[in-house]
Amino acid sequence: MFEQLDHLIFRFDEVIELMSDPEVISDSNRLRELSIEESDLRPKVEKIKRYKQVVSEIEDTEELLAENLDPEMADLAKIELGDLKSERESLEDEIKLMMIPEDPNDGKNIIMEIRGAAGGDEAQLFAGDLLNMYTRYAESQGWKVEVMTANITGIGGYKEVTIMITGQKVYSKLKFENGAHRVQRVPETESQGRVHTSTATVVVMPEQEELDFDLDENDIRVDIYHASGAGGQHVNKTASAVRMTHEPTGIVVAMQDERSQLKNREKAMKVLRTRVYDALQSEKQEAFDSERKLAVGTGDRSERIRTYNYPQNRVTDHRIGLTIQQLDSIMQGNIHEIVDALVLYDQTQKLEELNGSQG
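As the structure is a prediction and not an experimental result, all values here were calculated from the model.

### Some thoughts on the pairing of strand E4 (residues 179-185)
In terms of burial, E4 is largely enclosed, as seven of its seven residues are buried. The sheet contact formed by E4 and strand E5 (residues 196-206) spans seven bridges and is antiparallel. Looking at the pairing, Gln 184 lines up with Thr 197 of E5. In the sheet, E4 pairs with strand E9 (residues 306-309) via four bridges, with the strands oriented parallel. Within the sheet, the bridge partner assigned to His 181 lies in E9 and is Arg 306.

### Observations concerning the packing of aromatic side chains
In total, this model carries two aromatic pairs according to the counting rule given. Each ring, one from Phe 126 and one from Tyr 308, has its centre 5.3 Å from the other, and the planes form 65°; the classification is edge-to-face. Of this pair, Phe 126 sits in helix H5 (residues 120-140) while Tyr 308 sits in strand E9, and the two are 182 residues apart along the sequence. Using a relative accessible area of 0% as the deciding quantity, one classes Phe 126 as buried. Taking the relative accessible area as the measure of exposure, Tyr 308 reaches 0% and is therefore buried. Aromatic side chains Tyr 137 and Trp 143 sit 5.7 Å apart centroid to centroid with 85° between the ring planes, which places their arrangement in the edge-to-face category. Across this residue pair, the class does not change: Tyr 137 and Trp 143 are buried. Above the face of the Tyr 310 ring, Arg 185 is positioned so that its terminal group lies 4.8 Å from the ring centre.

### A short note on the sheet that holds strand E8 (residues 251-255)
The strands that make up a sheet are held in pairs by hydrogen bonds between backbone atoms, and each pair lies either parallel or antiparallel. Strand order in the open sheet made by the three strands is E6-E7-E8, with antiparallel pairing throughout. Here the strands that pair on one side only, and so sit at the sheet edges, are strand E6 (220-225) and E8. Adjacent strand axes in the sheet meet at a mean angle of 15° when their direction is disregarded. Relative to E8, strand E7 (residues 241-246) runs antiparallel, the two being bridged by five bridges.

### Some points on helix H4 (residues 71-99)
With 29 residues, H4 ought to run about 42 Å at 1.5 Å a step, and its terminal C-alpha atoms sit 41 Å apart, in line with that. Of the residues making up H4, those classed as buried are Ala 74, Ala 77, Leu 81, Leu 84, Leu 91, Ile 95 and Met 99. Contact partners of the buried residues in H4: helix H1 (5-18) and helix H3 (28-66).

### Section: the pairing of strand E10 (residues 314-317)
Each regular strand carries side chains that alternate between the two faces of the sheet. Pairing of E9 with E10, which is carried by four bridges, proceeds in the antiparallel orientation. Bridge assignment links Thr 307 to a residue of E10, and that residue is Thr 316. Here E9 hands over to E10 after four residues, with Asn 313 in that stretch at a positive phi of 50°. The antiparallel pairing of E10 with strand E11 (residues 322-324) creates a hairpin that spans four residues between the two strands, and Gly 321 there sits at a positive phi of about 65°.

What counts and what doesn't
Residues numbered from 1 in each chain as written. Predicted model: local features only at pLDDT ≥ 70, side-chain atom pairs only at ≥ 80, totals over all residues. Heavy atoms only, no water. Buried < 20%, exposed > 50% of the residue type's maximum accessible area, 1.4 Å probe, protein only. Helix = DSSP H or I, 4+ residues; strand = E, 2+ residues; numbered from the N terminus. Pairing = 2+ DSSP bridges. Phe/Tyr/Trp six-rings, centres within 6.5 Å; stacked < 30°, edge-to-face > 60°. Lys NZ or Arg CZ within 6 Å of the ring centre and 35° of its normal. Axes fitted to C-alpha atoms, helices over the stretch in contact; angles between N-to-C directions. Expected span 1.5 Å × (residues − 1). Contact = heavy atoms within 4.5 Å.

Structure representation (structure tokens):
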């Protein structure tokens with residue numbers, strides 16, 4: 001792995017040079033790509049340069065100790081050598097973490113779909129609770145949340161809701177929320193006080209912009225129709241709702257929340273592009289496909305990644321065996337501990353694979 005370090009320094013210098021090239025400056029897309037690469041490489045290169053400096057200082061200090069130094073100078077050199085070796089070890093660990101191959105989607109915004117699954121009304125109410133949890137967490141991160149489309153039940157739950165979360169590295173933090181979430185609690189309608197178990201499913205997809213993934217318009221059928229539901233005279237007079245069907249995959253996206261047909265078209269295309277990309281990626285990668293089926297499945301009670309137990313104020317993530325006795329706080333969006341633990345677990349697994357491949 002450490003043989004790649006000089007290559008990264010060379011590439012960083014190359015990127016800096018390219019960014020001052022008039023041809024690149026005039027190409028906004030190319031300049032954006034290089035700016036993202038530069039900001040990703042800079043901390044790595046700074047760490048690598050410090051590592052190379054420390055290695056050089058260790059060699060110099062060891063050469064110095066090989067000479068006939070007076071006892072006082074030798075003691076100081078030994079202390080310095082110990083500090084340098086400790087820093088070298090620490091830098092090696094940090095560089096290994098930085099060298100773990102990144103998910104190319106980590107820096108992207110996400111489209112998240114939450115659906116009430118097994119459990120009827122209670123599952124749909126829980127879907128609304130999850131929506132609130134993720135919205136509050138996003139706000140704490142300085143991210144923006146936009147509801148793309150929502151199917152709200154009469155009692156205030158959600159059969160399904162699609163949101164877009166935009167901000168810095170959203171996908172890197174929320175990609176592990178993909179799966180079936182189980183809730184155990186006494187429903188408000190339960191007169192006997194019995195605990196019911198229900199599930200809601202969460203699907204997290206990295207947003208695909210036109211620059212990333214271009215859909216062939218010839219593959220898309222667009223239907224325009226009158227919006228249904230609340231809206232008064234507007235509903236009767238304006239055909240603003242949009243339904244897009246990607247015919248090769250059969251994926252359908254309907255959008256009617258905006259009064260403008262143009263805005264509904266834009267939102268529908270964003271969701272459609274992301275869903276189609278997600279579906280095609282799933283087909284290409286069997287491993288990813290099987291993981292996704294296990295994670296999301298049908299929303300059956302047995303297919304779960306996390307349990308939210310209200311009577312015991314407890315949340316358990318079954319993938320990493322993490323249990324937190326602060327359900328009330330977590331449902332208010334304080335999921336930082338869970339998110340950080342999942343990211344750390346993923347990094348640890350990848351680091352073990354990296355070390356194994358080198359051994």
